[in-house]
Amino acid sequence: QVQLVESGGGLVQAGGSLRLSCAFSGGTFSNYAMGWFRQAPGKEREFVGSITRSGGRTYYATSVKGRFTVSRDNAKNTVYLQMNSLKPEDTAVYYCAAGPLSGGYASLYDNWGQGTQVTISS
């Protein structure tokens, strides 16, 4: 069974940077598109960014475009979310997900990590 473990969350001041990692196991990593989602208290889970199986294309929510970067290292079975110019509104639990397509709908993803808390102070 596919397992995903996020790491790298924490408390950062506004304007700072943070890199999240998601370690994949239990399957063939290169067969999966990877996505990042986030959920703030009282809000629905929202799409952040995604990357295709090969890493050839990335997609982002407009709210993070230009600030966040999704990348993957298929040799390490790891996907990353580099977050720069962080804002208080980025505060949320961030989830890594694996699925057949790199779309923005959570229902497309079959496997999810436990989430990691990201808190941005002002």
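Residues numbered from 1 in each chain as written. Predicted model: local features only at pLDDT ≥ 70, side-chain atom pairs only at ≥ 80, totals over all residues. Heavy atoms only, no water.

## Topic: the packing of aromatic side chains
According to the stated counting rule, one finds 6 aromatic pairs in the structure shown. Between Phe 24 and Phe 29, the aromatic rings sit 5.1 Å apart at their centres with planes inclined by 55°, giving tilted as the arrangement. Looking at Phe 29, the relative accessible area reads 2%, which means it is buried. Ring centres of Phe 37 and Phe 47 lie 5.6 Å apart, and the angle between their planes is 70°; this geometry places the pair in the edge-to-face category. With a gap of 10 residues between them, Phe 37 in strand E4 (residues 33-39) and Phe 47 in strand E5 (residues 46-51) connect regions that are remote in the sequence. Phe 47 shares its class with Phe 37; the two are buried. Linked through ring pairs, Phe 37, Phe 47, Tyr 109 and Trp 112 together constitute an aromatic cluster. Positioned above the aromatic ring of Trp 112, the side-chain terminus of Arg 45 is 4.9 Å from the ring centre. Above the ring of Phe 29, the side-chain terminus of Arg 72 is found at 4.2 Å from the ring centroid. (Phe/Tyr/Trp six-rings, centres within 6.5 Å; stacked < 30°, edge-to-face > 60°. Buried < 20%, exposed > 50% of the residue type's maximum accessible area, 1.4 Å probe, protein only. Helix = DSSP H or I, 4+ residues; strand = E, 2+ residues; numbered from the N terminus. Lys NZ or Arg CZ within 6 Å of the ring centre and 35° of its normal.)

## Looking at the sheet that holds strand E3 (residues 18-25)
One open sheet accounts for 4 strands, arranged E1-E3-E8-E7; its pairing is antiparallel. The strands lining the two open edges of the sheet, one partner per strand, are strand E1 (3-7) and strand E7 (68-73). On average, each strand axis in the sheet is inclined to that of its neighbour by 15°, with strand direction left out of account. Across 6 bridges, the pairing between E7 and strand E8 (residues 78-83) is antiparallel. Among the inter-strand pairings, Phe 68 is bridged to a residue of E8, identified as Met 83. (Pairing = 2+ DSSP bridges. Axes fitted to C-alpha atoms, helices over the stretch in contact; angles between N-to-C directions.)

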